[in-house]
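Chain by chain, the residues:
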Amino acid sequence: MDAFLGIEDPSDWPADFPHLRELDQLLRCPVCKEYLDTPMVVTNCGHTFCSLCVRRCLTQETKCPSCRASTTEGDLHPNRLVDSLLREFKHGRPQLLATLRSANTHKPVEAKRKRPRITTRSAAKNMDVDIVASNEQLATDNAIDLTSSDIEQMRSISDFEIDTVNSGVTPTASTSTDNDGDSDFIPSDIIGSRRCAPKSHPSSSHENSVLCPNCQSQVRSAKINWHLDRCLSGKSIDELPPAAAASEPTAWSTAAKLQLTGALAKFALPRPTKLAYSLLSEAKLRRTLRELGVPAKGDKHQMQARHVEWVNMYMANADSETPVSHSVLLRRLATWEDAMARQPEPFRAPPPATPGAVADHTSKYADSFAALVAQARSTRPKPPTKYPL
Amino acid sequence: MSTPCRRRLMRDFKRLQSDPPEGISGAPCPDNIMLWNAVIFGPVDTPFEDGTFKLVLNFDETYPNKPPTVRFASKIFHPNVYANGELCLDILQNRWSPTYDVAAILTSIQSLLHDPNPNSPANAEAANLYRENRKEYIRRVRETVEESWE
């Protein structure tokens, strides 16, 4: 279904790989159902959520969203292992999915090899769709408020992070920043040490290569999507990848990194704290928002909602191993506010909707309801027995 | 524009399509993803058996942090359903959790048909009959089941 393009789901995995479906499910946040973003474990019950998701929930109610155990933000702790697991899983997902699906379409791999390439075209189309879908997914994930250059910047930061850990330089730096969850963004000394970390790994050409499921040749993992596109559509794979693919984060010059670091530091905003809004006058709240560098427009109710969201966004960003700059964060806040301001839809209005409105609705969507009845009937457990008419 | 709420609703829809609970279906209106239509088949071995009950779910941008507004669009005689179709169901009020999705909401409503709670009645007549005159209660429910097919 077209509308689902870009929505990954555990059901994407073939039904005969239930463990992969389960694994996919386990790596998702129980609240937003997306892959965990900055996973935080609730230390008293052990449930894990995205940092922003769980912080938003705790704003509503100080209980674990999964088990309702009493929880406050002090009980949250970064779950770094899950973060690393996810990074690898997400990288490998499109490729593994394509491999499994093509294996399912053409059972023995040997037989597939012997066939002329044209016969694999239909499978190729499917795989193309998958790859495009997953790329779009990436794009839509970030499209909300990130420009492509932002994404590149973030990628390069996350690469630094990996290097830092791998090379053993300041291995505790990131955790110590996050334990208090509030330190100012990326302290420049940490960034400095990251910059010193060597970028390339020795003999990386072999470690990072993967087997193309179509032509069985070794391809660098970073180039596999590009390779698959070409390989499956029967185009030449000898050409150089397009410029975008070629300019991997590895190609970033030191000067560009320095510039980025400077830009990030410039936008660092003061850390917000939770407030007792009922004790604050409108003017005081407005002043506080201004001091925090956050828009101070609107009435007290709007400002309060904005402040609550800003605290959650700021803290979740501070939890992250790959924090974004505060200018990006401010844009996200604006996007959030736009969405919230969007007006309620028909039925939401005053609670007891009139019987007339309900009747109008059911007659307007009579076809839709008829289809739903047929659909529900098809999944019904067994024919009625006890209450025959 | 895609917002976390809309994306989550698309995800809920995908889940409902790929793995629908028994006797349950639901879909957003073609012109408005925040407004959903749903159908619940009355659970087997209850007086609601074979009824096709229509529901309307209305979400806003606070979903899943806040529950949607849910009401029956079909007439239903049930101790926990008000005359205007609104439900008295804890998970849609004070026991809501943002981990619930549309499939979970509809499954809970289906199980409410199975196990009415006469202690917090929204329809006093239905609650009284359920406790004191089960035969009459069943007869009234069967009337609404027949109406639900129209």
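This text goes with the structure placed above it.
What you are looking at is a predicted structure, and each value in this text was computed from that prediction instead of being measured. (Residues numbered from 1 in each chain as written. Chains lettered and ligands numbered in written order. Predicted model: local features only at pLDDT ≥ 70, side-chain atom pairs only at ≥ 80, totals over all residues. Heavy atoms only, no water.)

**Here's the deal with the sheet that holds strand 1 (residues 24-29) of chain B**
Residues and elements named next belong to chain B. One open sheet accounts for four strands, arranged 1-2-3-4; its pairing is antiparallel. Lying at the two open borders of the sheet, with one neighbouring strand each, are strand 1 and strand 4 (69-72). Going across the sheet, the axis of each strand differs from the next one's by a mean of 20 degrees, ignoring polarity. Pairing geometry for strand 3 (residues 52-58) and strand 4, over four bridges, is antiparallel. (Pairing = 2+ DSSP bridges. Helix = DSSP H or I, 4+ residues; strand = E, 2+ residues; numbered from the N terminus. Axes fitted to C-alpha atoms, helices over the stretch in contact; angles between N-to-C directions.)

**Topic: the pattern of salt bridges**
Evaluation of the coordinates by the stated rule reveals 24 salt bridges over all chains. The shortest N-O distance in the salt bridge between A:Asp12 and A:Arg93 comes to 3.3 Å. With A:Asp12 in the segment before helix 1 (18-26) and A:Arg93 in helix 3 (residues 80-105), the pair connects residues that are 81 residues apart, well separated along the chain. The residue B:Arg11 makes a salt bridge to A:Glu34 at a minimum N-O spacing of 3.1 Å. Of this pair, B:Arg11 sits in helix 1 (residues 4-18) while A:Glu34 is found in the loop between helix 1 and strand 1 (39-42), placing the two residues in two different chains. A single network of salt bridges, built from pairs that share partners, joins A:Glu8, A:Asp12, A:Asp24, A:Arg28, A:Arg93 and B:Lys14. (Salt bridge = Lys/Arg side-chain N within 4 Å of Asp/Glu carboxyl O.)

**Topic: the interface of chain B and chain A**
At the junction of the two partners, chain B supplies 66 residues and chain A supplies 61 residues. Together, the buried faces of chain B and chain A total about 5600 Å²; carbon and sulfur atoms form 57% of this surface. For the pair chain B and chain A, the interface holds five salt bridges. In this structure, the salt-bridge partner of B:Asp31 is A:Lys364, at a minimum N-O distance of 3.4 Å. Run the count over chain B and chain A and you get 19 residue pairs in polar contact (both at pLDDT 80 or more). Of all the secondary structure elements, the ones that give two or more residues to the side of chain B that touches chain A are helix 1, strand 1, strand 2 (32-41), strand 3, strand 4 and helix 4 (134-148) of chain B. (Contact = heavy atoms within 4.5 Å. Buried area = accessible area lost by both parts, 1.4 Å probe. Polar contact = N/O pair within 3.5 Å; in protein donor to acceptor, adjacent residues only side chain to side chain.)

**Details of the packing of aromatic side chains**
Residues and elements named next belong to chain A. Taken as a whole and judged by the stated rule, the model has twelve aromatic pairs over all chains. Between the aromatic rings of Trp-310 and Tyr-314, the centroid separation amounts to 5.9 Å while the plane-to-plane angle is 65 degrees, which identifies the pairing as edge-to-face. In this pair, Trp-310 and Tyr-314 are both assigned in helix 14 (residues 300-319), four residues apart and thus about one turn of the helix distant. Looking at Trp-310, the relative accessible area reads 0%, which means it is buried. (Phe/Tyr/Trp six-rings, centres within 6.5 Å; stacked < 30°, edge-to-face > 60°. Buried < 20%, exposed > 50% of the residue type's maximum accessible area, 1.4 Å probe, protein only.)

**Some points on the side chain of B:Arg11**
Assessed through its relative accessible area of 3%, B:Arg11 is described here as buried. Discounting residues that sit within four places of it in the chain, B:Arg11 has contacts with A:Ile7, A:Glu8, A:Asp9, A:Arg28, A:Cys32, A:Lys33 and A:Glu34.

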